[in-house]
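Topology and contacts: notes
Each chain is listed here by its residues.
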Amino acid sequence: MEAVITIVALLFVAFVALGVYAGVKAIGAAKRGVDRTITQARRTVEDTTLRAKSFGQVGVAGTLAQLRLDLRTSMRATQEALQAGLAEDASLSESLGLFQRLSVHGRELDDELKRLEREPDRATVAALLPKLKERTERITHSADSLRWAARDRAQRFNEDDLDALNAQIDVEAGALRHWTVADPQAQPTQHAQPSQPSQSSATGMGAGTGPGSGSTAEETWPGPAHAEGPQAITAPDPRLRTGYPWQKSARPETTN
């Protein structure tokens, strides 16, 4: 009885622990989902704000907003392209590592541009704009190069796969149409066979036209004239007939 109670208690503790573990995992997944949603919402709001500033403001503020918008758009598009291609092409892991190193410089530049938006000294910010534009162009150019190289690689793989598939389909289509291909050796053989009887008949006709052809023809082609007269038909002896396994042996006749 005590053993049964111990087993039930252990099962109860195991179920409780399993429930706690599943609850913690579910709460963590929900929290990560909420954080991801908040991050995406914040990013969307920032992009919309930057787009509005770039179109609605002129001067230094509008230029800074446009630089930030170009930088963020290029980096986000490259990140999504590399992460999507990594699931199908493992060789993009090295490219993704290079992009992560590039992202460090991109985040530093984005933070610097964000600080300069709140800088009251517009003259100093205007003096820094050429260098900021150059840094932005270098980072976006590198990101665009990675993104387009990954896309070209994926497109090349798709084209090679399509070429191989087309070749296999052509071979299969040719195999399905094998009956339309004529055999060049079958036709001469079929035309050569009927000529043999004509040669033998011509040989026989030539032999019959020579001297003594009448006797030769009679010996070669025996007709009914040489057949012997009808022979007497005698009934077979039933005792000499071959018996079959299912037949009973004939009993000798007895006379009383």
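None of these values were measured; they are calculated from a predicted model. (Residues numbered from 1 in each chain as written. Predicted model: local features only at pLDDT ≥ 70, side-chain atom pairs only at ≥ 80, totals over all residues. Heavy atoms only, no water.)

Quick look at the confidence of the model for the protein now. On average, residues of the protein score 76 in pLDDT, and 70% of them are at 70 or above. At the low end of the mean pLDDT range in the protein sits helix α7 (residues 213–220), at 45; at the high end sits helix α3 (residues 92–117), at 92. When the criterion is pLDDT under 50, residues 197–219 qualifies, and its contacts beyond four places in sequence or with other chains add up to 3 contacts. (pLDDT = per-residue confidence, 0-100. Helix = DSSP H or I, 4+ residues; strand = E, 2+ residues; numbered from the N terminus. Contact = heavy atoms within 4.5 Å.)

The next thing to look at is the pattern of salt bridges. By the definition in use, this model includes 8 salt bridges. In this structure, the salt-bridge partner of D144 is R147, at a minimum N-O distance of 2.8 Å. Of this pair, D144 and R147 both sit in helix α4 (residues 122–176), separated by 3 residues, roughly a single helical turn. Of the charged contacts in the structure, one is a salt bridge between D160 and R156, with a shortest N-O distance of 3.6 Å. Taken as a pair, D160 and R156 lie in helix α4 at a separation of 4 residues, close to a single helical turn. Through salt bridges with shared partners, one network takes in R68, R72, D110 and E117. (Salt bridge = Lys/Arg side-chain N within 4 Å of Asp/Glu carboxyl O.)

The next subject is the environment of G59. With respect to the helices and strands, G59 occurs in the loop between α1 (2–56) and α2 (60–86). On a C-alpha basis, the gap between G59 and A126 in space is 8.6 Å, while along the polypeptide they are 67 residues apart.

Let's shift gears to the layout of surface pockets. Here the largest pocket is characterised by a volume of approximately 490 Å³. Every residue lining the largest pocket is counted, 16 residues in all, and those nearest its centre are R43, M75, R76, Q79 and R107. Of all the elements in the fold, those that place two or more residues in the lining of the largest pocket are α1, α2 and α3. Of the residues that constitute the lining of the largest pocket, the class distribution is 3 nonpolar, 5 polar and 8 charged. (1 Å grid on protein atoms, 1.4 Å probe; cavity = no way out; pocket = protein on both sides within 12 Å on 5 of 7 lines; lining within 4 Å. Points joined across faces, edges and corners; volume = space filled by probe spheres on them. Nonpolar A, V, L, I, M, F, W, Y, C, P; charged D, E, K, R; others polar.)

Moving on, we come to the packing of α2 against α3. One can describe the packing of α2 onto α3 by two numbers: an axis separation of 10 Å at closest approach and a directional angle of 160°. The angle between α2 and α3 places the two elements in the roughly antiparallel class. Note that α2 runs across α3; the crossing there is left-handed. Split by residue class, the contact of α2 with α3 holds 14 nonpolar, 8 polar and 5 charged. (Axes fitted to C-alpha atoms, helices over the stretch in contact; angles between N-to-C directions. Parallel < 35°, antiparallel > 145°, perpendicular 65-115°, else oblique. Left-handed = near helix turned anticlockwise from the far one by under 90°.)

A word on α4. Here α4 is 55 residues long and its end C-alpha atoms lie 77 Å apart, about the 81 Å a rise of 1.5 Å per residue gives. Where α4 bends most, the angle comes to about 40°, and this point is L129, followed within four residues by the proline P130. Within α4, burial applies to V125, L129, L132, T136, I139, T140, A143, L146, R147 and A150. (Expected span 1.5 Å × (residues − 1). Bend = angle between axes of the 7 residues up to and from the residue. Buried < 20%, exposed > 50% of the residue type's maximum accessible area, 1.4 Å probe, protein only.)

Moving on, we get to the nonpolar core. In this structure, L64, M75, F99, L109, L113, L132 and I139 are the most contacted members of the largest nonpolar core, which totals 20 residues. Of all the secondary-structure elements, those providing two or more residues to this core are α2, α3 and α4. Residue contacts for L132: discarding those within four places in its chain leaves L64, L67, L109, E112, L113 and L116. (Core = buried A, V, L, I, M, F, W, Y, C linked by side-chain atoms within 4.5 Å.)

Now for the packing of aromatic side chains. Scanning all chains against the criterion turns up 0 aromatic pairs. Above the face of the W148 ring, R151 is positioned so that its terminal group lies 5.1 Å from the ring centre. (Phe/Tyr/Trp six-rings, centres within 6.5 Å; stacked < 30°, edge-to-face > 60°. Lys NZ or Arg CZ within 6 Å of the ring centre and 35° of its normal.)

Closest axis-to-axis distance for the α3/α4 pair is 10 Å, and the angle between their directions is 160°. When the axis of α3 is compared with that of α4, the two are roughly antiparallel. Considering only the axes of α3 and α4, their crossing is left-handed. Only R122, V125, L128, L132, R135, T136, I139, S142, A143, L146, A150 and R153 of α4 make contact with α3, whose side of the interface consists of L92, S95, F99, L102, H105, G106, L109, E112, L113, L116 and E117.

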